[in-house]
Amino acid sequence: MASLEVSRSPRRSRRELEVRSPRQNKYSVLLPTYNERENLPLIVWLLVKSFSESGINYEIIIIDDGSPDGTRDVAEQLEKIYGSDRILLRPREKKLGLGTAYIHGMKHATGNYIIIMDADLSHHPKFIPEFIRKQKEGNFDIVSGTRYKGNGGVYGWDLKRKIISDGVLPCCPGWSLLGSSDPPILASWDYRYEPPCLASRGANFLTQILLRPGASDLTGSFRLYRKEVLEKLIEKCVSKGYVFQMEMIVRARQLNYTIGEVPISFVDRVYGESKLGGNEIVSFLKGLLTLFATT
């Protein structure tokens, strides 16, 4: 009779089985670095904290491009502290471009999702669990952090960077410092501010008018991708430098990939100098016109 009872019981749908025993997702963070020896320990600590508290399976891949300031030495120490199963140093001899850094990092990534972000503390890891929730809710191919929707914003930029990206000015940003840690580090960006005001009509405004990408923030570099989607997009992209991130979203639209967005607070780097110079501004404008003419 037992066998008859089993045979009569309704078969579980494939979806029910997936819900009951979901495949464990793994998230590979790609951190391209160049002269980030002061910022790298802080961003890694924050990443580990965020992932550990959220119970997320992860690895952090550091791609250092021959930094002369000793960033590689710091990364080697971090690999020893946290373990090579969590921190993977995969250096290169010199600066070879952001796109090739992602390709290099993905060769060593074991996760089925890839997270890209800046190593200079401009992007706070506390938003990553929100990225993951958003991706699951909409089954998106890409989740992009946006500075231009909801309570997103930009803080600490000078005029040059506001020209490059449609920026906002903070009224009263506040930093939260974790003083009991060893060494003391930034625990979170806890902003108390009035609604941000428009600072300039910059790159993001131009791209929205010329390219109509279907996403509010094209020049940002804090995103979550399905691994196979990122691989496909990098194959299609031809831009270099800061235009690369913009082209990724434009190509995603062409390939009908779905994009979700999460509002983020973008903060100017804590230590070191910005790598954005006059040449990058000119290259950005050239790249924008090229995309307009070819897409």
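Keep in mind that this is a model prediction, so the values were computed, not measured. (Residues numbered from 1 in each chain as written. Predicted model: local features only at pLDDT ≥ 70, side-chain atom pairs only at ≥ 80, totals over all residues. Heavy atoms only, no water.)

### Things to note about the overall build of the chain
Which entries qualify depends on this criterion: Labels follow the DSSP assignment, with helices taken as runs of H or I lasting at least four residues and strands as runs of E lasting at least two, numbered in each case from the N terminus. Only protein chains enter the accessibility calculation, which uses a 1.4 Å probe; a residue whose area is less than 20% of its type maximum is buried, one above 50% is exposed, and one in between is partly exposed. A contact between two residues is defined here by any heavy atoms of the two lying within 4.5 Å.
Helices and strands together make up the secondary structure of the chain, namely 11 helices and 13 strands. Burial statistics for the chain: of 295 residues in total, 49% are counted as buried. Excluding contacts between residues fewer than 6 apart, the proportion of contacts in the chain whose partners are at least 24 apart in sequence is 77%.

### Structural notes on the environment of Gly153
Examined against the element boundaries, Gly153 turns out to sit in strand 6 (residues 153-155). Through-space distance from the C-alpha of Gly153 to that of Ile264 is 6.6 Å; in sequence the pair is 111 residues apart.

### With respect to the packing of aromatic side chains
By convention here, two paired aromatic rings are described through the distance between centres and the angle between planes. Keep this limit in mind: The aromatic pairing rule takes the rings of Phe, Tyr and Trp, using the six-membered ring of Trp, and pairs them if the centres are within 6.5 Å, calling planes under 30 degrees apart stacked, those over 60 edge-to-face and the rest tilted. Look at NZ for Lys and CZ for Arg. If either is within 6 Å of the ring centre and within 35 degrees of the ring normal, a charge sits over the ring.
Inspection of the entire model under this criterion finds four aromatic pairs. Ring plane angle 20° and centroid distance 5.2 Å describe the contact between Tyr27 and Tyr113, whose orientation is recorded as stacked. Here the residue Tyr27 occupies a position in strand 1 (residues 27-33), and Tyr113 occupies one in strand 4 (residues 113-116), the gap between them amounting to 86 residues. Judged by relative accessible area, which is 3%, Tyr27 ranks as buried. With 4.7 Å between their ring centres and 35° between their planes, Phe131 and Phe222 make a pair best called tilted. Of this pair, Phe131 sits in helix 6 (residues 128-138) while Phe222 sits in the loop between helix 8 (203-211) and strand 11 (223-226), placing them 91 residues apart in sequence. Here Arg86 stacks its cationic end above the ring of Tyr58, 4.3 Å away from the centre of that ring. The side chain of Arg147 reaches across the aromatic face of Phe266, ending 5.6 Å from its centre.

### Regarding helix 3 (residues 40-54)
Each full turn of the α-helix corresponds to 3.6 residues, which orients residues three or four apart in the same direction. We count it as follows: Expected helix span is taken as 1.5 Å per residue step, with the number of steps being one fewer than the number of residues.
Relative to the 21 Å expected for 15 residues at 1.5 Å per residue, helix 3 spans 21 Å between its end C-alpha atoms, a close match to the ideal helical length. Listing the buried residues of helix 3 in full gives Leu40, Leu42, Ile43, Val44, Leu46, Leu47, Val48, Ser50 and Phe51. Positive phi shows up at Gly55, right after helix 3, with a value of about 70°.

### Looking at the nonpolar core
Keep this limit in mind: What makes a nonpolar core is a set of buried Ala, Val, Leu, Ile, Met, Phe, Trp, Tyr and Cys residues whose side-chain atoms join them at distances within 4.5 Å.
Counting 35 residues, the largest nonpolar core has Leu31, Leu40, Val44, Leu47 and Ile60 as the members making the most contacts within it. At the level of elements, strand 1, helix 3, strand 2 (58-64), helix 4 (71-82), strand 3 (87-89), strand 4 and helix 6 are the ones that each hand at least two residues to this core. For this core, the leading source of residues is helix 3, giving eight residues.

### Examining the packing of helix 5 (residues 98-108) against helix 9 (residues 227-236)
When two helices pack together, you describe them by how their axes are tilted relative to each other and by the distance separating the axes. Our working rule: Axis definition: a line fit to C-alpha positions, over the contact stretch in the case of helices; interaxial angles, taken between N-to-C directions, run 0 to 180 degrees. The scheme is simple: roughly parallel for angles under 35 degrees, roughly antiparallel for over 145, roughly perpendicular for 65 to 115, oblique for anything else. In this scheme the handedness of a crossing depends on how the near helix is turned from the far one: anticlockwise by less than a right angle means left-handed, clockwise means right-handed. Ten residue types, Ala, Val, Leu, Ile, Met, Phe, Trp, Tyr, Cys and Pro, are classed as nonpolar, four, Asp, Glu, Lys and Arg, as charged, and the remainder, Gly among them, as polar.
Between helix 5 and helix 9, whose axes approach to 11 Å, the crossing angle comes to 140°. Accordingly, the angle class assigned to the pair helix 5 and helix 9 is oblique. Crossing handedness for the pair helix 5 and helix 9: left-handed. Counted together, Gly99, Tyr102, Ile103 and Met106 of helix 5 and Lys227, Leu230, Glu231 and Ile234 of helix 9 form the full contact between these two elements. Taken together, the residues of the contact of helix 5 with helix 9 break down into five nonpolar, one polar and two charged.

### A short note on the sheet that holds strand 3
Which entries qualify depends on this criterion: Only strands joined by at least two bridges in the DSSP assignment are considered to pair.
One open sheet accounts for seven strands, arranged 3-2-1-4-11-5-12; its pairing is mixed. At either end of the open sheet lies a strand with only one pairing partner, and these are strand 3 and strand 12 (259-263). Adjacent strand axes in the sheet meet at a mean angle of 20° when their direction is disregarded. Judged from the three bridges that link them, strand 2 and strand 3 form a sheet pairing that is parallel. Counterpart to Ile62 in the pairing with strand 3 is Leu89. Helix 9 rests against strand 4, strand 5 (142-146) and strand 11 of the sheet, and its axis sits at about 95° to strand 11.

### Focus: the confidence of the model for the chain
Quick reminder of the rule: Scored from 0 to 100, pLDDT reflects the predictor's confidence in each residue.
In this model, the chain carries an average pLDDT of 76, and 63% of its residues clear a pLDDT of 70 or more. Across residues 1-22, where pLDDT falls below 50, the model places two contacts with residues more than four positions away in sequence or in other chains. The model gives residues 159-201 a pLDDT under 50, and that stretch makes 102 contacts with residues more than four places away or in other chains.

### Side note on the pairing of strand 2
Test applied: The path from the first strand over the helix to the second decides the hand: if it runs clockwise while the strands point away from the viewer, the crossover is right-handed.
Across the seven residues that make up strand 2, a large majority, seven, are buried. The side-chain alternation of strand 2 yields two buried faces, one formed by Tyr58, Ile60, Ile62 and Asp64 and the other by Glu59, Ile61 and Ile63. Two strands pair when backbone bridges link them, and strand 1 and strand 2 are joined in this way by seven bridges, in the parallel orientation. From the neighbouring strand, Thr33 faces strand 2, where its bridge partner is Asp64. Each parallel crossover has a hand, and the one from strand 1 via helix 3 to strand 2 is right-handed. With respect to chirality, the unit in which strand 2 leads through helix 4 into the neighbouring parallel strand 3 is right-handed.

### As for the pattern of salt bridges
For clarity, the cut-off: Take a side-chain nitrogen of Lys or Arg and a carboxyl oxygen of Asp or Glu: if they are within 4 Å of each other, that pair is a salt bridge.
Tallied over the entire structure, the rule returns eight salt bridges. Of the charged contacts, one joins Lys49 and Glu53 as a salt bridge, the two residues approaching to 3.2 Å between their closest N and O atoms. Pair noted here: Lys49 and Glu53 are both in helix 3, with a separation of four residues, about one helical turn. Judged by relative accessible area, which is 32%, Lys49 ranks as partly exposed.

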